[in-house]
Every structure is written in C-alpha cells, then in structure tokens.
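# Overview (structure and organization)
Listed below, chain by chain, are the residues.
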Amino acid sequence: MQNFAQDHRMSCGCFGCSKDGTEAISEAAFSRRRFLCGAIGTAGLITGAVMSSSRPAVAQSALTPDQALQAMLDGNKRFTEGRLQSPNEDLSILKSKTAEKQEPFAAVLSCADSRVPVELVFDQSIGHLFVVRIAGNIATPEVTASLEYGIAVLGAKLLMVLGHSNCGAVKATIEGKAVPGQIGALYAPIWPAVNAAGDNLDAAIDVNAKIQATLLSRTSTIIAKALKDNELKVVAGRYDVASGVVSLLS
C-alpha cells in the first residue's frame, strides 16, 4: 500500500467528514459498503454453522447480558485493587472445561496495544472471554465475522468495544502523516471519529469506540438480531492504561 497523508480537516469523501459525533456515528453505520459486503457473506457462513450444529448455542453460564456486564466491571475492580482471582482458576478450568469446547460469556473488541491485556484487565480466566484485537479496535469485516461467531455460535451475552487512553492508532490518524507499508489502512475507519472530535485525542478515542460499537450493532444482522431478542448487550468502554480503570461510555 502506498504511503499517504491526509488532513482530516478537509473533506475526503468519507461519511465522517464535516459531521458532528451523532451524524458521524449514524452515517458510519449505514455507509460502509465494504463492511456490509463482508458482513453479509460472513453472516451466511455463520448462520450455516449454527443451523448445522447439533445443539443450540449456550453461554458458559446462565448470565443475562446485564449480569455479564456486571461480571466484567467487578473483575476490573478486582484488577485495580490487586485482588486477582483468575490466576488461581486457570489450570483447573483449562483441564475440566475448555479442552474440548469454549463457552465465553462475553466478547471484547480491543486494540492490539500491548498495554491492554484484556483477560487480566477484567480478571477473567481461560475460556471466559472471546477477545478480538486489532489496532484502533476497528470493526473490519474480518473482525465482525469473528465477533459474530463468538455471539451466534459460542453464546456470548455481552459485546464490549474497548478503546484505551493514548491510543497510537487514533493519534496517528489525527496526525495524518505518511507511514510505511499498510499501516495507513487503519486511518480510514478511524477518520469519522477524528472528524467529529478534531485534534482532541481523548475525545477521538471515545468517539471511535462508540462508532465501532454502533457499526457492529447496526450493520451485522447477527448482532442486531441478538440485540432485538434481548440476548446480547453491546457497550463501548475506555481503558485507562495508567490507572487500570475501565469506564463505560454513554
């Protein structure tokens, strides 16, 4: 991929340019043709997998979507207080429950940043979380397909899009400098957030997480149906790399 730089203040023809946060989220959810094409194809494949399964998808426990979210927040509280429980559970759970199958109660779309160890942040053991990581926590077709699998086949009750403080992908998009290789491919999905938030890095990080959560909720037929049937909750969050605290974004 060629190197490129773009001033986010100028119109690039994308759905996010010159829009406020609400408009950016709305238009992003319905204007990404590449996203829709990929999502339609993967939806068919995953639907087939569910249809051919010998048993319906079930969650690891009887948690409701709200209970799943509370379990995540409780785990993050233990993490910030240094009271981790998961290290004592890993070996036994791995042996007794996860060797042959997985039934995570939550799915997380996180940035690939090495400072965001998702299972540790939420004090969850092996088999509890279905984690997809990509720089900028962006909802590409491939990422969406993976999350759809976690929800439709594995039975996750919660989907969290987790941004984090000082995100390098969002910062690079704001700066718009030329980059080597294919790194610049990360810019386009993040531009709507930058166009809405301007040069404010913290604001852009939060808007980006909310946009990606909205995209997943509205353009994935599998996720949209699970939401409609009250079988899933989708939230956006922000992880502070300094304090370790996860905050939910409205």
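The structure displayed is predicted, hence computed values, not measured ones.

## A short note on the overall build of the protein chain
- Scanning the protein chain from N- to C-terminus turns up ten helices and five strands.
- Pairs at least 24 apart in sequence give 75% of the contacts found in the protein chain among residues at least 6 apart.
- Carbon and sulfur atoms provide 54% of the accessible area of the protein chain, an area that totals close to 11,800 Å².

## Observations regarding helix H9 (residues 201-219)
- Between its first and last C-alpha, H9 extends 26 Å over 19 residues, near the 27 Å set by a 1.5 Å rise per residue.
- Taken across its 19 residues, H9 has 14 buried, putting it largely inside the fold.
- Measuring from the side-chain oxygen of the N-cap residue of H9 to the backbone nitrogen of aspartate 202 gives 3.2 Å; that N-cap residue is asparagine 200.

## So, the nonpolar core
- One finds Leu109, Leu147, Leu159 and Leu216 to be the most contacted residues of the largest nonpolar core, which totals 37 residues.
- Broken down by element, the residue count for this core peaks at eight residues, all from H9.
- Sequence-distant contacts of leucine 159, defined by excluding residues within four places in its chain, comprise Ala107, Leu147, Ile151, Leu216, Ile223, Leu232, Lys233, Val234 and Val235.

## Describing the packing of aromatic side chains
- Summed over the entire model, instances satisfying the criterion amount to two aromatic pairs.
- Summarising the aromatic geometry, the rings of phenylalanine 130 and tyrosine 149 are spaced 6.3 Å apart at their centres and angled 40° between planes, so their arrangement reads as tilted. Of this pair, phenylalanine 130 sits in strand S2 (residues 129-133) while tyrosine 149 sits in helix H6 (residues 141-152), and the two are 19 residues apart along the sequence.
- You can call phenylalanine 130 buried: its relative accessible area is 14%.
- Judged by its relative accessible area of 34%, tyrosine 149 falls in the partly exposed class.

## Side note on unusual backbone geometry
- Despite not being glycine, asparagine 137 shows a phi value in the positive range, around 40°.
- Looking at the element boundaries, asparagine 137 is found in the loop between S2 and H6.
- Positive phi values are uncommon outside glycine, yet asparagine 230 reaches one of about 60°.
- Inspection of the secondary structure puts asparagine 230 in the loop between helix H10 (221-228) and strand S4 (233-239).
- For asparagine 230, a relative accessible area of 62% puts it in the exposed group.

## Looking at the sheet that holds S2
- One open sheet holds the five strands; their spatial order is S2-S1-S3-S4-S5, and the pairing between them is mixed. Edge strands, defined here as strands with exactly one partner in the open sheet, are S2 and strand S5 (246-249). The average undirected angle you get between the axes of adjacent strands in this sheet is 30°.
- Across seven bridges, strand S3 (residues 158-164) lies against S4 in parallel orientation. Across the sheet, valine 161 pairs through a bridge with alanine 236, a residue of S4.
- Across the face of the sheet, H9 comes into contact with strand S1 (106-110), S3, S4 and S5 while running at roughly 160° to S4.

Definitions and cut-offs
- Residues numbered from 1 in each chain as written.
- Predicted model: local features only at pLDDT ≥ 70, side-chain atom pairs only at ≥ 80, totals over all residues.
- Heavy atoms only, no water.
- Helix = DSSP H or I, 4+ residues; strand = E, 2+ residues; numbered from the N terminus.
- Contact = heavy atoms within 4.5 Å.
- Areas by Shrake-Rupley, 256 points an atom, 1.4 Å probe, with all protein chains shown as cover.
- Expected span 1.5 Å × (residues − 1).
- Buried < 20%, exposed > 50% of the residue type's maximum accessible area, 1.4 Å probe, protein only.
- Polar contact = N/O pair within 3.5 Å; in protein donor to acceptor, adjacent residues only side chain to side chain.
- Core = buried A, V, L, I, M, F, W, Y, C linked by side-chain atoms within 4.5 Å.
- Phe/Tyr/Trp six-rings, centres within 6.5 Å; stacked < 30°, edge-to-face > 60°.
- Pairing = 2+ DSSP bridges.
- Axes fitted to C-alpha atoms, helices over the stretch in contact; angles between N-to-C directions.

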